[in-house]
Amino acid sequence: MSDLIPTKPYMLRALHEWCVDNNLTPHLIVAVNGQTRVPMAYVKNGEIVLNINYGATKDLHIDNDSVVFSARFGGVSQNIYVPMSAVRGIFARENGQGMFFEAESEHQDVDASEGDVEENAKPIENKEELIKSKKPVLKIVK
């Protein structure tokens, strides 16, 4: 079953939609690597947090391989490219609810050791816990 599509892009799209539907601001946590195109002046400790709300981006596209959009940084429009392997998490700025993903190499293949999201998930209570977390997390929203 190594031909299965990873669940990460589906979870990312779902949580982005949930944030937008609830008038929350989705933020993407990105580990900057050689394939990532982001404004380096805003990178701290090898990571950058990006506002991916429709009002902050232009032409936002989240597919199974990457997140692509343009946004203004310091008044200058920049094209952003984030490979799915660089995505570390997504959360709502207002309440910190979201999901953090396991670190993966730039060329990691999907294998049976990934497991289901539910097995590897845990609830997040606040934004600080989300950012410090190293394991994938999932908060059940009713």
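1. A look at the overall build of the protein chain
Link 1 in the chain: In terms of helices and strands, the protein chain carries three helices and seven strands.
Link 2 in the chain: Ordering the α and β elements of the protein chain from the N terminus gives α-β-β-β-β-β-β-β-α-α.
Link 3 in the chain: For the protein chain, buried positions account for 37% of its 142 residues.
Link 4 in the chain: Only carbon and sulfur atoms are counted for the fraction: they give 49% of the accessible area of the protein chain, which is about 8600 Å².

2. Description of the packing of aromatic side chains
Link 1 in the chain: A full pass over the atoms with the stated rule returns one aromatic pair.
Link 2 in the chain: Note on tyrosine 42 and phenylalanine 73: the rings are 5.4 Å apart at their centroids and 50° apart in plane angle, and the pair reads as tilted. Remark: phenylalanine 73 occurs in strand β4 (residues 66–73) and tyrosine 42 occurs in the loop between β1 (26–31) and β2 (47–51); sequence separation between them is 31 residues.
Link 3 in the chain: For tyrosine 42, a relative accessible area of 41% corresponds to the partly exposed category.
Link 4 in the chain: The class of phenylalanine 73 is buried, set by a relative accessible area of 15%.
Link 5 in the chain: Taking the ring centre of tyrosine 10 as reference, the NZ or CZ of arginine 13 above it sits at 4.6 Å.

3. Let's talk about the environment of asparagine 22
Link 1 in the chain: Structurally, the position occupied by asparagine 22 is in the loop between α1 (8–21) and β1.
Link 2 in the chain: When the C-alpha atoms of asparagine 22 and alanine 92 are compared, they prove to be 9.8 Å apart, with 70 residues separating the residues in sequence.
Link 3 in the chain: Here tryptophan 18 takes part through its backbone oxygen, which lies 2.9 Å from a polar atom of the side chain of asparagine 22.

4. Re the pairing of strand β6 (residues 87–92)
Looking down a regular strand, the side chains alternate between one sheet face and the other.
Link 1 in the chain: Among the six residues that make up β6, six are buried, leaving the element largely enclosed by the rest of the structure.
Link 2 in the chain: Inspection of the sheet shows β1 paired to β6 by five bridges, in the antiparallel sense. Bridge pairing in β6 links proline 26 to alanine 92.
Link 3 in the chain: Two elements, β6 and strand β7 (residues 98–100), share three bridges in a ladder whose sense is antiparallel. Residue pairing across strands places phenylalanine 91 opposite glycine 98, the latter belonging to β7.
Link 4 in the chain: In sequence, β6 turns back onto β7 through a hairpin of five residues, with glycine 96 there showing a positive phi of about 75°.

5. Looking at the nonpolar core
Link 1 in the chain: Core analysis: the largest hydrophobic core is formed by 22 residues, its most contacted members being Leu12, Leu28, Leu50, Val67, Phe69, Val82 and Val87.
Link 2 in the chain: Looking at this core, the elements that each hand over two or more residues are α1, β1, β2, β3 (58–62), β4, β5 (76–83) and β6.
Link 3 in the chain: Sorting elements by how many residues they give to this core places β4 first, with four residues.

6. Remarks on the pattern of salt bridges
Link 1 in the chain: The full count for this structure, using the stated rule, is one salt bridge.
Link 2 in the chain: The partner of arginine 93 in a salt bridge is glutamate 94, with the nearest N and O atoms 3.6 Å apart.
Link 3 in the chain: For glutamate 94, a relative accessible area of 41% gives the class partly exposed.

Cut-offs and rules
Residues numbered from 1 in each chain as written. Predicted model: local features only at pLDDT ≥ 70, side-chain atom pairs only at ≥ 80, totals over all residues. Heavy atoms only, no water. Helix = DSSP H or I, 4+ residues; strand = E, 2+ residues; numbered from the N terminus. Buried < 20%, exposed > 50% of the residue type's maximum accessible area, 1.4 Å probe, protein only. Areas by Shrake-Rupley, 256 points an atom, 1.4 Å probe, with all protein chains shown as cover. Phe/Tyr/Trp six-rings, centres within 6.5 Å; stacked < 30°, edge-to-face > 60°. Lys NZ or Arg CZ within 6 Å of the ring centre and 35° of its normal. Polar contact = N/O pair within 3.5 Å; in protein donor to acceptor, adjacent residues only side chain to side chain. Pairing = 2+ DSSP bridges. Core = buried A, V, L, I, M, F, W, Y, C linked by side-chain atoms within 4.5 Å. Salt bridge = Lys/Arg side-chain N within 4 Å of Asp/Glu carboxyl O.

Coordinates in, geometry out; function isn't part of it.
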